[in-house]
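Structural overview
For reference, the chains in residue letters:
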Amino acid sequence: MDYSQFLALKQEIGLLIVFLLVFLTDTFAGKKSAKAVPYIACIWMLAQTAFGFWIAAEPATSAFAGMYVTSPVIVAIKNILNVGVLIVLIQSLKWANSEFTAVRRGEFYELILLTLFGMYLMISSRHFLMFIIGLETASLPLCALVAFDKHRYESHEAAIKYILTAVFSSAILLMGLSFVYGLSGTLYYHGIAAALHGNLGVMLAVALAFVMAGFGFKLSLVPFHLWTADVYQGAPTSVTAYLSVISKGSAAFAFLVVLTQVFGVFYSAAWEWMLYALIILTITVGNLFAIRQTNMKRFLAFSSISQAGYIMLAIVGNNGMGVSALMFYVLVYIFSNLAAFGVIGAIENATGKVNMTDYNGLYKTNPRLAVTMMLAMFSLAGIPPFAGFFSKFFVFTSTLSGTNSAALYVLVLIALINTIISLYYYLLVVKAMFINDSDQPLATFRSACSERLGMWVCVAGIIGLGIVSYFYDYLLTVVA
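Residues numbered from 1 in each chain as written. Predicted model: local features only at pLDDT ≥ 70, side-chain atom pairs only at ≥ 80, totals over all residues. Heavy atoms only, no water.

1. With respect to the overall build of the protein
Along its length, the protein carries 20 helices and two strands. The C-alpha radius of gyration computed for the protein amounts to 22 Å, which stays within 12% of the reference 23 Å derived for 480 residues, consistent with globular compactness. Taking the principal axes of the C-alpha coordinates as reference, the protein spans close to 65 × 55 × 45 Å. A burial count over the protein gives 59% of its 480 residues as buried. Put simply, 80% of the contacts in the protein that link residues at least 6 apart link residues at least 24 apart. Roughly 18600 Å² of accessible area belongs to the protein as shown, and the carbon and sulfur atoms make up 70% of that amount. With 24 positive and 19 negative side-chain charges, the protein shows a spacing of 5 Å between the two charge centroids. (Helix = DSSP H or I, 4+ residues; strand = E, 2+ residues; numbered from the N terminus. Rg over C-alpha atoms; globule rule 2.2 N^0.38 Å. Buried < 20%, exposed > 50% of the residue type's maximum accessible area, 1.4 Å probe, protein only. Contact = heavy atoms within 4.5 Å. Areas by Shrake-Rupley, 256 points an atom, 1.4 Å probe, with all protein chains shown as cover. Lys, Arg positive; Asp, Glu negative; His and termini not counted. Charge placed at Lys NZ, Arg CZ, Asp CG, Glu CD.)

2. A word on the environment of Ile-417
Within the secondary structure, Ile-417 sits in helix α18 (residues 406-434). Judged by its relative accessible area of 45%, Ile-417 is partly exposed.

3. Thoughts on the pattern of salt bridges
All told, the structure shown has five salt bridges when counted by the stated rule. The partner of Lys-161 in a salt bridge is Glu-157, with the nearest N and O atoms 2.9 Å apart. Note that Lys-161 and Glu-157 are positioned in helix α7 (residues 153-184) at a spacing of four residues, about one turn of the helix. With relative accessibility at 28%, the residue Lys-161 sits in the partly exposed group. The class of Glu-157 is partly exposed, set by a relative accessible area of 29%. Two residues, Asp-230 and Arg-298, come together in a salt bridge whose shortest N-O distance is 2.7 Å. (Salt bridge = Lys/Arg side-chain N within 4 Å of Asp/Glu carboxyl O.)

4. Some details on a nonpolar patch on the surface
Side chains of Ile-463, Ile-467, Val-468, Tyr-470, Phe-471 and Tyr-474 sit close together on the surface and give an oily, nonpolar patch of about 560 Å² of accessible area. Secondary-structure elements contributing two or more residues to the nonpolar patch are α19 (449-467) and α20 (470-479). No other element matches the three residues that α20 contributes to the nonpolar patch. Secondary-structure assignment places Ile-467 in helix α19. (Patch = residues over 30% accessible without salt bridge, like charges linked within 9 Å, V, L, I, M, F, W, Y side chains within 5 Å.)

5. Notes on the packing of aromatic side chains
In this structure the tally under the stated criterion is 25 aromatic pairs. Aromatic side chains Phe-215 and Phe-255 sit 4.8 Å apart centroid to centroid with 25 degrees between the ring planes, which places their arrangement in the stacked category. Separated by 40 residues along the polypeptide, Phe-215 in helix α9 (residues 202-219) and Phe-255 in helix α11 (residues 237-262) bring together distant segments of the chain. For the pair Phe-215 and Phe-255, a shared accessibility class is recorded, and that class is buried. (Phe/Tyr/Trp six-rings, centres within 6.5 Å; stacked < 30°, edge-to-face > 60°.)

6. A few points about the nonpolar core
Ranked by size, the top nonpolar core spans 169 residues in total, and within it Phe-131, Phe-263, Met-373 and Met-377 carry the most contacts. Here this core takes 20 residues from helix α14 (residues 320-351), the largest share from any one element. The residues contacting Phe-131, other than those within four sequence positions of it, are Met-122, Ser-125, Leu-173, Tyr-189, Phe-215 and Ala-254. Among the nonpolar cores identified, the runner-up in size contains seven residues, and Leu-9, Ala-63, Phe-64 and Tyr-68 belong to it. (Core = buried A, V, L, I, M, F, W, Y, C linked by side-chain atoms within 4.5 Å.)

If you want it as structure tokens, here you go:
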């Protein structure tokens, strides 16, 4: 075996080094020095992120007989996930060092890094065996993270629902892949595409439906979304933030690769209309249920379901512009959603309140938090000139690029109508903070430095990505 192949896994090796450093520090540090574990994790994750940008221009390469590949596009995707993970780690510093969490603070960071490693493998895999290893490496530690608050009933319930969902979705996905293997005789992406070229039959259509259903659970696509709200509500806020952006983003990238490289030749014959139906259901149902929510974490859960529909819309374009639009959308979504969760986490850590009515009159007592949440809501709703507007614009443009299909125009029209609906419920949060009065508003408090830092980074991303076009141009160049 040529062990030099491992040198292709630069980002994976770097992440394993970060994991080992955090693990060793957590294991051997004394009680006093153990408080530094979260800061060490953030510093080394920052180094990992910087390393990813440093190797961004390296040429494409493969390893392990083509089971693993890397390229500038894949490196850029991993860098986007790194940025999101770094923000989550920074925002979690106060919670991780709290009295309740301190005894197992190291476990939180170790599990986060382990799931990220699995997501790396999912994105770089070009063989379904490696993909499944990455998928389970990413999924199983998330079950432990959801149950992190083991003394809360809601956390227990959320963990049970999540692990049952993860098991069934993996079983459905494996069932579909077993059909694909039986029809093609290989698990390599390119081998399957070559063996099944032009031979769409009933069994393959069923296999494709199973595969899309398996991914649908991971992405919270309707009708596979029923676990999302309960899990988001029951999990610790830092874990919910991680689930809503990093887990969803990595699954979207992996879904894009599998659909285009394995089943791309059957696009118009099979999965095009499946995807249309999933997108319409996901955006519409997510929006309608978000209007009814009063708990902020459940509210953002249904918001994330709707956003998953827009993420899938980028795949429909099936072109380079769609890939760059997907990457840009996920990057903007990371900044926007984590800004909202940063405010929710800061308020929950200080007061323990998470209901929307608790935010009535927030601007009068905590104006900076109110403005941060407002910017996050505006970006998620797609209001110009914030980054969320441009991310939706690029997705719609990539979907309609070079097509005369009336169905695509109808699909984009439905998405636009749903954007107007989403504007209503996002503005409900803004109305509560700036217009509604409260007899008992939240007391004025000063959030932790780490929480403020995380929110500042997110606000800078929301404004900067909306003003500076370089980022999207860079992604277009990378994809090209």
